[in-house]
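Listed here are the chains, written in short residue letters.
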Amino acid sequence: MPDQNYRDIHKVHFPSLLLIQYLSMKKSMKSRRHFMQTAGTAAITIPTLIKGYSSTEMQIFDRNNLSEVDISKWDLDTPALCLDLDAFEKNLQVMHHAMVENGIASRPHAKTHKCPAIARMQLESGSIGICVAKVSEAQIMFEHGISQILCTTTNVSKQKIKHAMNLRRWCSTFIQATDSADNARMLSEAAESMNITADIVVDVDPGGHRTGITPGDPALELAQIVDRLPGLNLQGILCYDGGSQHVKGFEIRREQTLERLAAAGETLSLMQRSGLNTGIFSGGGTGTYNIDHETAGFTDVQAGSYVFMDAQYLAIGAKDNPDQYSDFQSCLTILSTVVNDQYPDRVTTDAGAKSCTINQPWPMVKGETGMNYRSGSDEFGTLTYEDPSRTYKVGDKLELIVSHCDPVVNLYNQIYAIRNDRVEAIWQIAARGMSR
Ligand SMILES: Cc1ncc(COP(=O)(O)O)c(C=O)c1O
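None of the values given here were measured: they were computed from a predicted structure.

Trainee: How should the overall build of the protein be read in this particular structure?
Mentor: For the protein, the helix and strand inventory stands at 13 helices and 17 strands. Counting over 436 residues, the protein shows a buried share of 44%.

The following block contains the structure:
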């Protein structure tokens, strides 16, 4: 246990260190501004002595107008989560065009990025709303100005139901999923107690038995109950088939998806014949975004990973490319530094399980071949060479294509948005850790 002295030193000195850092950066920014005014030029350069920026320094730059400074991605302290803006923006466009072509909409899942800035860009690029997995994620998104929110998870505890309905009080466009009659009754009671009528979708199981109610008569019955309950307003159904998203090979994926969505489609027809509201039939993901519309009545795709594209998705194969899922470009990377090069055929980096997770396939070194990466130990990654396109020395930096984007994003406070190797923006992952 640290002694009293240690604590006192930290109490007194840590804030003052930050303050000194802040003041000296402000000064250096002022002198750069002065340089710009006197030199009459738009180009601002960072003094060459300053190399390497911690996340705290980057936050200070961000608060003081990041666009005035010219910071290379390669000067960021590592591990750092980076996003290639050109590729990211292309992914937004590809999704939008596919939706227009297929006559449906996108309602991207924000569980992937947990980042209000990205949610905003998705809405600006044509999405009709966002999905969230947790009510605490919804809360953060709403607090950051996002209001078209669908919570795809049924909230079963009293606390969560209260939280969701309280959110609905302030956010009139919030939609909540339910998958049982008891849960619907609890939602209705909570809504009534707050003098609101909550919009609800019935979650239908595609066959994976993870969540949702059995399609057909059980789902129809639940929809009728929701429709009758005084505090609820039935909006339709959702059916997310997670088991089909990563099926390798487009035709096999398509066959399985359509087979498993068929029962939800029939449920929707039953609901229509009963005169119920079927305005929403939401589901699907990155693996099936160009398949789901083939099911009659389907309205919107909940794809999440498409914005980043991770190594897991790259492996599933595209409609026109069986070797790689090339519809979207992988744009999310972990910038990492080599910390040891003393042993043959390998180097050690500073990005281990706490920076990359231990999901598989293992992260891939961007732009290189003939090497394998493992993030197995907590703080260190191991890069081994087979027939490497290059080798690394201590201090060198490399970029890793993430294995599975959702849990990786949840490890970081911020995303560095990069264009032409320059930090253009810093986006807070505001819903990071919001897993309630
Ligand atoms: C309910 C729901 N919808 C959509 C998605 C998005 O899937 P993907 O990231 O594969 O596009 C997920 C992901 O787990 C999900 O749970």
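Trainee: Hey, could you run me through the environment of D227 in this one?
Mentor: Note that D227 resides in helix α8 (residues 217-228). Placed 43 residues apart in sequence, D227 and A184 show a C-alpha to C-alpha distance of 10.0 Å.

Trainee: What is the right way to read the pairing of strand β8 (residues 280-283) from this model?
Mentor: Each regular strand displays side chains that alternate between the two surfaces of the sheet. Alternating positions in β8 separate into two faces, I280 and S282 on one and F281 and G283 on the other, with burial throughout. The pairing of strand β7 (residues 232-239) with β8 spans 4 bridges and is parallel. Paired with G236 across the bridge in β8 is I280.

Trainee: How should I be thinking about the site of the ligand in this particular structure?
Mentor: Taken together, 13 residues are adjacent to the ligand, and Y240, G285, T286, G304 and S305 come closest. Looking at the shell around the ligand residue by residue, the classes come out as 3 nonpolar, 10 polar and no charged.

Trainee: Teacher, can you tell me more about the packing of helix α6 (residues 158-170) against helix α7 (residues 181-193) here?
Mentor: Geometry of a packed helix pair, given as the angle between the helix axes and the separation of the axes. At their nearest, the axes of α6 and α7 sit 9 Å apart, and the two run at 50° to each other. With respect to α7, the axis of α6 lies oblique. You can see that α6 and α7 cross each other, and the crossing is right-handed. Note on element contacts: α7 touches α6 through M186, L187, A190 and A191, opposite I161, K162, M165 and R168.

Trainee: Got a minute to help me understand the confidence of the model for the protein in this structure?
Mentor: As a note on interpretation, predicted positions should not be read in detail where pLDDT is low. In the predicted model, the protein carries a mean pLDDT of 90, and the fraction of residues at 70 or more is 88%. A low-confidence stretch, residues 1-19 stays under pLDDT 50, and its non-local contacts, those more than four residues away or across chains, total 2 contacts. This model gives residues 30-49 a pLDDT under 50, and the stretch forms 12 contacts once residues within four places in sequence are excluded.

Trainee: When you look at the packing of α8 against helix α10 (residues 250-273) in this model, what are you seeing that I'm missing?
Mentor: The interhelical angle for the contact between α8 and α10, taken along N-to-C directions, is 45°, at an axis separation of 9 Å. Taken as axis vectors, α8 and α10 run oblique relative to one another. Viewed along their axes, α8 and α10 form a crossing whose handedness is right-handed. Each of A219, L220 and A223 in α8 lies in contact with α10, whose residues at this interface are T267, L270 and M271. Its residues assigned to classes, the contact of α8 with α10 comprises 5 nonpolar, 1 polar and no charged.

Trainee: Would you mind going over helix α5 (residues 135-143) with me for this structure?
Mentor: Spacing of three or four residues puts side chains on the same side of an α-helix, whose turn is 3.6 residues. Taken together, the buried positions of α5 are V135, E137, A138, Q139, I140 and M141. Those residues of α5 that are buried lie in contact with α4 (116-124), β3 (130-132), β4 (149-151) and α6. Looking one or two residues beyond α5, the residue adopting positive phi is G145, at roughly 90°.

Each value, and the rule that gives it
- Residues numbered from 1 in each chain as written.
- Predicted model: local features only at pLDDT ≥ 70, side-chain atom pairs only at ≥ 80, totals over all residues.
- Helix = DSSP H or I, 4+ residues; strand = E, 2+ residues; numbered from the N terminus.
- Buried ≥ 20, exposed ≤ 12 C-beta atoms within 10 Å, placed from the backbone.
- Pairing = 2+ DSSP bridges.
- Near = placed C-beta within 6 Å.
- Nonpolar A, V, L, I, M, F, W, Y, C, P; charged D, E, K, R; others polar.
- Axes fitted to C-alpha atoms, helices over the stretch in contact; angles between N-to-C directions.
- Parallel < 35°, antiparallel > 145°, perpendicular 65-115°, else oblique.
- Left-handed = near helix turned anticlockwise from the far one by under 90°.
- Contact = placed C-beta atoms within 7 Å.
- pLDDT = per-residue confidence, 0-100.

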